[in-house]
Amino acid sequence: MSAKESAIERGEVLVLTTAEVSGLVGAADCVDVIDAVLREPAALSQQTLPRRRLYMPVEGEESEYYWHNNMAGAFLGRGTLAVRLDVSRTRIREERQEFPGDFTGLVLLYDLATSHPYAIIHDHGLSPLRVAATSAVATRELAPSGSSVLGIIGTGEQARAHALTHRVAMPGLTTILYYSRSADNRDRAAAASESETGIEAVGVGSVEELIARSHVVIAATNATEPVFDGHSLQPGQHLVSLASSDGFAQRREIDETSIERSDLIVVNSKTQIIADRQGHYGSPSSVEDLHHIVELTDVLSGRAPGRTSDEQITLYDNNVGMGIQFAALGALTFEKAVAAGLGTPLPADLFVTRKSAGELYAP
């Protein structure tokens, strides 16, 4: 009997905090499980709902908003559906989007066969690594052969998570470069990454130097405007961007030149480009308008070609989070947490509506 089946039989829902799950799943396992869910044939068409967000102005605070984020998706490989819910404040200042103060982020895991919940996991214990793992899956498919130098623009949590997962995606990796406007931040990030990955990591003094030396370039910032000039890209490079516009907060880390110079553009969801009015791709009114762009699931399945030459510039735009990511990584995290004896069990009857004999109801 699986850990999930045992929890359901006991009538328990396991609550796992960020502290309990941080570091619980290794980078290689995370990349593998994200790869597995993205390869499921109906991952985008039938197993995931588009992300939705609310922004409500905070009275008396300029450019500050109450913020809600939600998405849902299923991983058939582990019979799990996940719902992600976040509530926070956000503000946009000096070309950066920030999230001040405390926040609540939860991932609810449900068993598909019984419709019973079996885990509630703090969002922040899963989110950075699932983004980085998805980027790593794309890099494994799209980076030029023999790539050995990884350049990361940004020094925050996502930047370091991407260093971890790209250690898996780039077997020939020898050097990690960091750039940010703060010399102290890039030196700290480099020291931490070298300790975590065992790969030489150094800070560089300019974004131009980073791009000139790198085979794979990752923009992992909270910027709302482009962070480098696309003219500096070189033939054969693979570029990753994480900025995710949502129709309200328009963000972009890459400029129009980077898009124009890319021989292949791969995204998570073309539907989300339209729903969120992600303006760096123009003003498409239908998916057909984005015929020159392919989705990562199509590359993984072979329905669309990936890189076809080491001279191509390829762009992977990690343009939206997907519920299927949380279903896959959440299910794996739950299994490892049970094996490690972590978490707080709660009675499932706090959450489940039982169908009594003769009672009729509709969800």
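So, a few notes on the structure that sits alongside this text. What you are looking at is a predicted structure, and each value in this text was computed from that prediction instead of being measured.

Here we come to the overall build of the chain. On a plain count of helices and strands, the chain comes out with 11 helices and 16 strands. Here the C-alpha atoms of the chain give a radius of gyration of 21 Å, agreeing with the 21 Å that 2.2 N^0.38 yields for 363 residues. Along the longest, intermediate and shortest principal axes, the C-alpha atoms of the chain span 70 × 45 × 45 Å. The burial tally for the chain puts 55% of its 363 residues in the buried class. Counting contacts in the chain only where the partners sit at least 6 residues apart, residues at least 24 apart contribute 71% of the total. With the model as given, the accessible surface of the chain reaches about 16,000 Å², and the carbon-plus-sulfur share is 50%. For the chain, the distance from the average position of its 30 positive side-chain charges to the average position of its 47 negative side-chain charges is 2 Å.

For the rest of this paragraph, the subject is the layout of surface pockets. Within this model, the largest pocket holds a volume of roughly 1,400 Å³. Lining the largest pocket are 45 residues; nearest its centre among them are Phe99, Gln158, Thr221, Asn222 and Arg251. Those elements that place two or more of their residues in the lining of the largest pocket are strand E2 (48-57), strand E3 (64-75), strand E4 (80-93), strand E5 (96-98), helix H4 (127-142) and helix H5 (157-169). At 4 residues, the largest contribution of residues to the lining of the largest pocket is made by H4. When grouped by side-chain class, the residues that make up the lining of the largest pocket number 16 nonpolar, 17 polar and 12 charged. Taken as a whole, the second largest pocket spans an internal volume of roughly 390 Å³. When residues of the lining of the second largest pocket are traced back to their parent elements, those giving at least two are helix H2 (18-21), H4, H5 and helix H11 (323-340). Per-element tally for the lining of the second largest pocket: the top contributor is H5, with 4 residues. Among the residues forming the lining of the second largest pocket, the class breakdown is 10 nonpolar, 7 polar and 3 charged.

A separate point is the packing of aromatic side chains. The geometry of an aromatic ring pair comes down to the distance between the two centres and the angle between the two planes. This structure, assessed with the given rule, holds 3 aromatic pairs. Considering the side-chain rings of Tyr55 and Tyr65, the 6.1 Å spacing of their centres and the 85 degrees angle between planes classify their relative orientation as edge-to-face. Of this pair, Tyr55 sits in strand E2 while Tyr65 sits in strand E3, and the two are 10 residues apart along the sequence. You'll find Tyr55 and Tyr65 in the same group, each marked buried. Note on Tyr118 and Phe334: the rings are 4.8 Å apart at their centroids and 70 degrees apart in plane angle, and the pair reads as edge-to-face. Here Tyr118, found in strand E7 (residues 117-122), pairs with Phe334, found in helix H11; they are 216 residues apart in sequence, far enough to count as distant.

Here the focus is the side chain of Gln272. Relative to the helices and strands, Gln272 is located in helix H9 (residues 270-275). Engagement of the side chain of Gln272 in a polar contact is seen with the backbone oxygen of Arg51, the distance being 3.1 Å. Not counting the four nearest positions on each side in its chain, Gln272 is found in contact with Pro50, Arg51, Arg277, Gln278, Asn319 and Val320.

Let us look at the sheet that holds strand E13 (residues 264-267). The 8 strands are arranged E10-E9-E8-E11-E12-E15-E13-E14 in an open sheet whose pairing can be described as parallel. The sheet is open, and its two edges are formed by strand E10 (200-203) and strand E14 (293-295), each paired on a single side. Within the sheet, the average angular offset between the axes of one strand and its neighbour, ignoring direction, is 20 degrees. With 4 bridges connecting them, E13 and strand E15 (residues 314-317) associate as parallel partners.

Residues Leu38, Leu109, Leu150, Ile152, Ile176, Tyr178 and Val266 are the most contacted members of the largest nonpolar core, which totals 67 residues. It is H11 that provides the largest number of residues to this core, a total of 9 residues. Among the nonpolar cores identified, the runner-up in size contains 22 residues, and Ile153, Tyr179, Leu210 and Ile313 belong to it.

A side chain of one charge can pair with a side chain of the opposite charge if their charged atoms are brought near each other. With the rule as written, the count across this model stands at 16 salt bridges. The salt bridge involving Arg140 is made with Asp35; its shortest N-O contact spans 3.6 Å. In this pair, Arg140 sits in helix H4 while Asp35 sits in helix H3 (residues 27-38), placing the two residues 105 residues apart along the sequence. Close ionic contact of Glu196 with Arg160 constitutes a salt bridge, the shortest N to O distance being 2.3 Å. Here Glu196, found in helix H6 (residues 183-197), pairs with Arg160, found in helix H5; they are 36 residues apart in sequence, far enough to count as distant.

Positionally, His116 belongs in the loop between strand E6 (104-111) and E7. For His116, a relative accessible area of 19% puts it in the buried group. Setting aside anything within four residues of it in sequence, one finds His116 in contact with Ile8, Leu109, Tyr110, Asp111, Val352 and Arg354.

Moving on: a nonpolar patch on the surface. On the surface, Leu54, Met56 and Tyr66 cluster together into a nonpolar patch covering about 270 Å² of accessible area. Within the secondary structure, Met56 is located in strand E2. By relative accessible area, Met56 is classed as partly exposed at 39%.

Conventions we followed
- Just so you know, the residues in each chain are numbered from 1, in the order the chain's sequence is written.
- With pLDDT at 70 or above as the cut-off, local features in this predicted model cover only qualifying residues; side-chain atom pairs require 80 or more to be listed or tallied, and sums for whole chains, interfaces and linings still use all residues.
- Note that the side-chain values use all heavy atoms of the structure and ignore hydrogens as well as water.
- Think of it this way: any DSSP run of H or I at least four residues long counts as a helix, any run of E at least two long counts as a strand, and we number them from the N terminus.
- Values of the radius of gyration come from C-alpha atoms, whereas the globule rule sets the reference at 2.2 Å times the count of residues to the power 0.38.
- Burial classification: accessible surface area is computed with a 1.4 Å probe over protein chains only, and a residue below 20% of its type maximum counts as buried, one above 50% as exposed, and the rest as partly exposed.
- We call two residues in contact when some of their heavy atoms are within 4.5 Å.
- Per-residue and other accessible areas were derived by the Shrake-Rupley procedure at a 1.4 Å probe size, with only the shown protein chains allowed to occlude residues.
- Lys and Arg are tallied as positive, Asp and Glu as negative. Neither His nor the chain termini are counted.
- Here the site of a charge means NZ on Lys, CZ on Arg, CG on Asp, or CD on Glu.
- Two kinds of site are reported from a 1 Å grid over the protein atoms alone, namely cavities, where a 1.4 Å probe fits but cannot get out, and pockets, open sets with protein on both sides within 12 Å along at least five of seven lines, and residues are called lining when an atom falls within 4 Å of a point.
- Grid points are joined across faces, edges and corners, and a volume is the space filled by probe spheres set on the points.
- Polarity classes work like this: nonpolar for Ala, Val, Leu, Ile, Met, Phe, Trp, Tyr, Cys and Pro, charged for Asp, Glu, Lys and Arg, and polar for all others, with Gly in that last group.
- Any two rings among Phe, Tyr and Trp, with Trp reduced to its six-membered ring, count as a pair given centres within 6.5 Å; such a pair is stacked if its planes are under 30 degrees apart, edge-to-face if over 60, and tilted if neither.
- Contacts described as polar in this section are N or O atom pairs within 3.5 Å, which, within protein, must combine one atom able to donate a hydrogen with one able to accept it, while residues neighboring in sequence count only if both atoms come from side chains.
- When DSSP locates at least two bridges between a pair of strands, those strands are taken to pair.
- Interaxial angle, 0 to 180 degrees, is taken between N-to-C directions of lines fitted to C-alpha atoms, where a helix line uses only the stretch in contact.
- What we call a nonpolar core is a set of buried Ala, Val, Leu, Ile, Met, Phe, Trp, Tyr and Cys residues that are connected through their side-chain atoms within 4.5 Å.
- In the sections that follow, a salt bridge refers to a side-chain nitrogen of Lys or Arg positioned within 4 Å of a carboxyl oxygen of Asp or Glu.
- Residues enter a patch when their relative accessible area is above 30% and they make no salt bridge; the linking distance is 9 Å between like charges and 5 Å between nonpolar side chains (Val, Leu, Ile, Met, Phe, Trp, Tyr).

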